[in-house]
Amino acid sequence: YPGALLEFQKSLDYTNIDETIMINNITYIVKVYATLGKWEQFATLTAKYLDICLLNPDFCITYGIFLNEIKKNYPEAEKFYKMALNFNPDKYPFVIYELASITWKPLLFLGIMNFNQKNWGQAKSYLEKALTFTNNVWQIQYYLIITLARLNNKLEARNLFKKSIALFPEMEKKILIDHLN
């Protein structure tokens, strides 16, 4: 990361850089800061460029994670996850982002946020929607299975577990078995 990060940081000093490239570069830097846990640099950069970066769904998800996990500001985190979910690619065709960032990822993070707050019904709704976009992301099934068990729907939880058992790392598999027994 260090070399690429340095080059992207240099690009922020350019005065004639295209706004789309600037948004993509800032989004990359923010994602690296988040990955490295450099939350002070993350907060400084996002405060400076928040308005223009709202156009990038990857940025919105990363900022939502920051608000949710670091700041514990759940209403604001929800707002940013939903901004990613409601991104209109036709309106901003030159923004670079992952397709997952406007489909299952914001739904997964909304589901996990509600899961952590024990809002089981809301968590179930978001996680089931995420599952309609992809069935090979173990975290979706993991949180959904526990949510179903918490909602006393163990039969559905067991069926989903059997269907997706190959996806889970060993430790998560053991945790799920405990929840289902």
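For the structure itself, look to the data block above.
Here's a quick rundown of the structure. (Residues numbered from 1 in each chain as written. Predicted model: local features only at pLDDT ≥ 70, side-chain atom pairs only at ≥ 80, totals over all residues. Heavy atoms only, no water.)

Details of the overall build of the protein chain
For the protein chain, the count of helices and strands is 10 helices and 0 strands. Put simply, the protein chain runs from its N terminus to its C terminus through helices and strands in the order α-α-α-α-α-α-α-α-α-α. Expressed as lengths along the three principal axes of its C-alpha atoms, the size of the protein chain is roughly 60 × 35 × 30 Å. Per-residue burial over the protein chain gives 44% buried out of 181 residues. For the protein chain, the proportion of contacts with a sequence separation of at least 24, taken over those separated by at least 6, is 52%. Total accessible area computed for the protein chain in this model is approximately 9,900 Å², and 54% of it derives from carbon and sulfur atoms. Here the protein chain carries 20 positive and 17 negative side-chain charges, and the mean point of each set is 9 Å from the other. (Helix = DSSP H or I, 4+ residues; strand = E, 2+ residues; numbered from the N terminus. Buried < 20%, exposed > 50% of the residue type's maximum accessible area, 1.4 Å probe, protein only. Contact = heavy atoms within 4.5 Å. Areas by Shrake-Rupley, 256 points an atom, 1.4 Å probe, with all protein chains shown as cover. Lys, Arg positive; Asp, Glu negative; His and termini not counted. Charge placed at Lys NZ, Arg CZ, Asp CG, Glu CD.)

Side note on the packing of aromatic side chains
Summed over all chains, the structure comprises 14 aromatic pairs. Here the aromatic rings of Tyr142 and Tyr143 are separated by 5.2 Å at their centres, their planes lie at 90°, and the arrangement is edge-to-face. A relative accessible area of 11% means that Tyr142 is categorised as buried. What links up through ring pairs into an aromatic cluster is the set Trp39, Phe42, Phe59, Tyr63, Phe66 and Phe80. (Phe/Tyr/Trp six-rings, centres within 6.5 Å; stacked < 30°, edge-to-face > 60°.)

Overview of unusual backbone geometry
Here the phi dihedral of Lys118 falls at roughly 65°; this positive angle occurs in a residue that is not glycine. In this structure, Asn152 is a non-glycine residue whose phi angle is positive, near 60°. Along the chain, Asn152 turns up in the loop between helix 8 (138-150) and helix 9 (154-164).

Focus: the packing of helix 6 (residues 104-116) against helix 8
In a packed pair of helices, the relevant descriptors are the angle between the two axes and the axis-to-axis distance. Viewed as axis vectors pointing N to C, helix 6 and helix 8 meet at an angle of 35°, and their least axial separation amounts to 10 Å. Two packed elements cross with a definite hand, and for helix 6 against helix 8 that hand is left-handed. Listed contacts from helix 8 to Trp104, Leu108, Ile112 and Phe115 of helix 6 are Gln139, Ile140, Tyr143, Ile146 and Thr147. Classifying every residue of the contact of helix 6 with helix 8 gives 7 nonpolar, 2 polar and no charged. (Axes fitted to C-alpha atoms, helices over the stretch in contact; angles between N-to-C directions. Left-handed = near helix turned anticlockwise from the far one by under 90°. Nonpolar A, V, L, I, M, F, W, Y, C, P; charged D, E, K, R; others polar.)

Things to note about the nonpolar core
Formed by 52 residues in total, the largest nonpolar core has its most connected members in Ile26, Leu45 and Ile145. For this core, the leading source of residues is helix 6, giving 8 residues. In this structure Ile26 touches Leu12, Leu45, Tyr49, Ile52 and Cys53, once residues within four positions along its chain are discounted. (Core = buried A, V, L, I, M, F, W, Y, C linked by side-chain atoms within 4.5 Å.)

Here's the deal with the packing of helix 1 (residues 2-11) against helix 2 (residues 19-36)
Across the interface, helix 1 lies against helix 2 with an axial gap of 9 Å and an inter-helix angle of 140°. With respect to each other, helix 1 and helix 2 are oriented oblique. Our pair here, helix 1 against helix 2, has a crossing hand that is left-handed. The residues of helix 2 that touch helix 1, namely those facing Ala4, Leu5, Phe8, Gln9 and Ser11, are Met22, Asn25, Tyr28, Ile29, Val32 and Tyr33. (Parallel < 35°, antiparallel > 145°, perpendicular 65-115°, else oblique.)

Re the environment of Phe133
Residue placement: Phe133 occurs in helix 7 (residues 120-133). Along the backbone, Phe133 and Leu176 are 43 residues apart, and their C-alpha atoms lie at a distance of 22 Å.

Looking at helix 9
Because each turn of an α-helix spans 3.6 residues, side chains separated by three or four positions in sequence point in the same direction. Restricting attention to buried positions, one finds in helix 9 the residues Ala157, Leu160, Phe161 and Ser164. The arc that holds every buried residue of helix 9, seen down its axis, measures 105°, which confines them to one face. Of the residues in helix 9, the exposed ones pointing more than 90 degrees away from the buried face are Leu155, Lys162 and Lys163. Structurally, helix 9 contributes buried residues whose contacts are with helix 7, helix 8 and helix 10 (170-180). (Arc of directions from axis to C-beta.)

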